[in-house]
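Descriptive structure summary
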Amino acid sequence: MIEKQLIGLAADLDALASAPAAPRGPRCQIGLLLESADADVATSLQAVLKTTVSATGIAEALGRHGHQVTAWTVNRHRRRGTSQRMQVPAMSLSQDLQALIEPAAPQQSQPAQSQRQQQAVPRGWESGVRYEPGGTMVVTAPPADSHPAGEADWRERVEEMGLAIPEGFRVRLIEAKHDPAAWHRDAQGDDAVTRAVWRCKYVIEPAAPAWMSAGDVDALVRDAMRRRRKTRPAIDTAERALVVVYADAQAGKVGRDGGTPELIARIADRFDRLDDHVRDLKAVGRAPSVAYWADAGDCVEGFENTTQQAFTNDLTLTEMVRVHRRVTFEGLDRLAGRFGRVVAATCGSNHGRVRRGKDAVGPPVDDWGIEVMSQVADAYARNSDAYGHVSFVMPERWRDSVSLDVSGKIVGLSHGHQYPRPEKAGDWWRGQTFGRQPVADADVLITGHYHHFRAQQMGNGRLWIQAPTLDNGSDWYAVRSGEVSTSGLLVFSVGPEGWDDLRIL
């Protein structure tokens, strides 16, 4: 009896497997629309269904053209995926979860680190000739295996480049550099190897100076003083970028300069001055075409840095975050309404860091300033018509600094709490360069943290800028040292020739 029942069950299961699939309920209105619409409409609808555009927005758009569907219907169609003849990108659970924790969508983001392209030949040592006023020529010769021996050898190396040395001129060695491990490839397709080479620069100049007497020197100086510069073009057509550094507002902090009402009034005044600054640049023919918002950290005061904060702050932690978010919206909205491209960047900081007691928790990006920037990015993503030209740069998960390509120059952004005093900024930057960290290749490094303005040239043409604070004052430091910081909003421009127009508003 039991055997007969099992045989019957197997037959029923085989019949179910071979039967045609039963319909899954009534046909979806979206599916019917895709089948009946012309090719262009169907393609556009399929494309928008694959995006993050809300179901309500899609339903309202279809309704305006006579297709009455509900947001629930749109969501149901998205869930069914390929069963309604629409290809939905396949994602694993881990990919879905990772997308949820990313600070901004990929289409809104820029890389967190900009680096210089590594050249096969060191910068400044490319083979060639530069012609100088007065007929002299500066010649950079190709690498040679042996060191430069003397003037006869110098002339030979220059002539090997196809250069004729005029009568009455001489060749003089002006710089020689020994490279013990230069990359070299003997023939196309061969493996690259390293070997020692000499790199040399020569000058081809008159054998005797054109002037030899005190009278000639006097004439030279007189002619130089009479020289008049060429007329400058009225409009500078090169791309220029405006960099706005918002640093150390520490919302919720109370000090000698007031509390939250005074902080907001001060920031609003600086934003008005920023509008004036942009108009000033336009008036002198140096108007920027792109803007960078650089948030240098310490956006909120917090409660876990010192015991005093619990007794002096005038906002709760959530209120601090809320104030910072709304101020950031205001600042970015002003830039977005004026410039065709805007980039917003931020970094990790000590007051913004999420803490348990005085100890930081989580990775370096567990920071209120980074979280607020992520919230702003999410909000802007929902209105691409108004904010599609705004992109965001935030640190990678295990780093707390970033760098950006700003009009051909690399600008690094870090809070500055990583070193014990301002004088150590250069040592820290050199270490970051050796470790190829995000600010390694920066031409300009922006930091905050120490609440007062500093600017210092470092290395070979690099600039460190320490931004002033926007907060209500650090009275504990004034009591200890007598130093009082002056608040301000730091701005500067970057163009093809480097930085200029640095001001504190």
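Everything here concerns the structure above.
Conventions used here
Residue numbering note: each chain is counted from 1, following its sequence as written. Where totals are concerned, whole chains, interfaces and linings use all residues; where local detail is concerned, this predicted model gives features only for residues with pLDDT of at least 70, and gives and counts side-chain atom pairs only at 80 or more. Excluding hydrogens and water, the side-chain figures rest on all heavy atoms present in the structure. By definition here, a salt bridge exists when the distance from a side-chain nitrogen of Lys or Arg to a carboxyl oxygen of Asp or Glu is within 4 Å. Elements are defined by DSSP. Helices are runs of H or I of four residues or more, strands are runs of E of two residues or more, and each kind is numbered from the N terminus. Three labels apply to residues, based on accessible area from a 1.4 Å probe with only protein chains included: buried if under 20% of the type maximum, exposed if over 50%, partly exposed otherwise in between. Here, any two strands with at least 2 DSSP bridges between them count as paired. To get an axis, a line is fitted to the C-alpha atoms, and for a helix only the part in contact is used. The angle between two axes follows their N-to-C directions and goes from 0 to 180 degrees. Crossings are assigned a handedness: left-handed for a near helix turned anticlockwise from the far helix by less than a right angle, right-handed for a clockwise turn. Residues are treated as being in contact if the distance between any of their heavy atoms lies within 4.5 Å. Lys, Arg, Asp and Glu make up the charged group, whereas Ala, Val, Leu, Ile, Met, Phe, Trp, Tyr, Cys and Pro make up the nonpolar group; the residues left over, Gly among them, are polar. By nonpolar core we mean a set of buried residues, namely Ala, Val, Leu, Ile, Met, Phe, Trp, Tyr and Cys, connected to one another through side-chain atoms within 4.5 Å. Counting rule applied: Lys, Arg positive; Asp, Glu negative; His and chain ends not counted.

1. Notes on the pattern of salt bridges
- Overall, the coordinates contain 24 salt bridges when judged by the stated rule.
- Across the salt bridge formed by Arg 170 and Glu 205, the nearest N and O atoms sit 2.8 Å from each other. You can see Arg 170 sitting in strand β3 (residues 169-184) and its partner Glu 205 sitting in strand β4 (residues 193-206), a full 35 residues away along the chain.
- Judged by its relative accessible area of 33%, Arg 170 falls in the partly exposed class.

2. Considerations on the pairing of strand β6 (residues 290-295)
- Burial analysis of β6 places six of its six residues in the buried class, which makes it a mostly covered element.
- The side-chain alternation of β6 yields two buried faces, one formed by Val 290, Tyr 292 and Ala 294 and the other by Ala 291, Trp 293 and Asp 295.
- One ladder, built from six bridges, connects strand β5 (residues 241-246) with β6; its direction is parallel. Bridge pairing in β6 links Val 245 to Ala 294.

3. Thoughts on the packing of helix α4 (residues 55-63) against helix α5 (residues 71-80)
- Relative to each other, α4 and α5 sit at 115 degrees, their axes nearing to 8 Å. Along this stretch, α4 crosses α5, giving a crossing that reads as right-handed. When α4 is examined against α5, the residues Ala 55, Thr 56, Ile 58 and Ala 59 are found in contact with a partner set consisting of Ala 71, Val 74, Asn 75 and Arg 78.
- A class-by-class count of the residues in the contact of α4 with α5 yields five nonpolar, two polar and one charged.

4. As for the sheet that holds strand β7 (residues 342-346)
- In spatial order, the strands read β10-β7-β6-β5-β16-β17; together these six strands make up an open sheet with mixed pairing. Edge positions in the open sheet fall to β10 (390-393) and β17 (498-504), since each of these has one partner strand only. Taken pair by pair, the neighbouring strands of this sheet meet at an average axis angle of 20 degrees, ignoring direction.
- Alignment of strand β16 (residues 490-495) against β17, held across five bridges, turns out to be antiparallel. Its bridge partner lying in β17, Val 494 is registered against Trp 499.
- Contacting β5, β6, β16 and β17, helix α9 (residues 260-283) crosses the sheet at an angle of about 165 degrees to β5.

5. Comments concerning the nonpolar core
- Within the largest apolar cluster, 40 residues are counted, with the highest numbers of intra-cluster contacts made by Tyr 246, Leu 274, Trp 293, Leu 332, Phe 392 and Leu 489.
- Broken down by secondary-structure element, the contributors of at least two residues to this core are β5, α9, β6, α11 (317-338), β7, α12 (368-381) and β10.
- In terms of residue count, the dominant contributor to this core is α11 (seven residues).
- Residue contacts for Trp 293: discarding those within four places in its chain leaves Val 244, Tyr 246, Phe 271, Thr 328, Gly 331, Leu 332, Leu 335, Val 343, Ala 344, Ala 345 and Met 373.
- Counting residues in hydrophobic clusters, the runner-up holds 26 residues, among them Ala 112, Val 243, Ala 467 and Phe 492.

6. A word on the side chain of Lys 201
- You can see Lys 201 is positioned in strand β4.
- The buried charged residue Lys 201 lacks any salt bridge partner; its closest oppositely charged side chain belongs to Glu 175, at an N-O distance of 4.2 Å.
- Once residues lying within four places of it in the same chain are set aside, the contact partners of Lys 201 are Gly 124, Trp 125, Val 139, Thr 140, Arg 172, Leu 173, Ile 174 and Glu 175.

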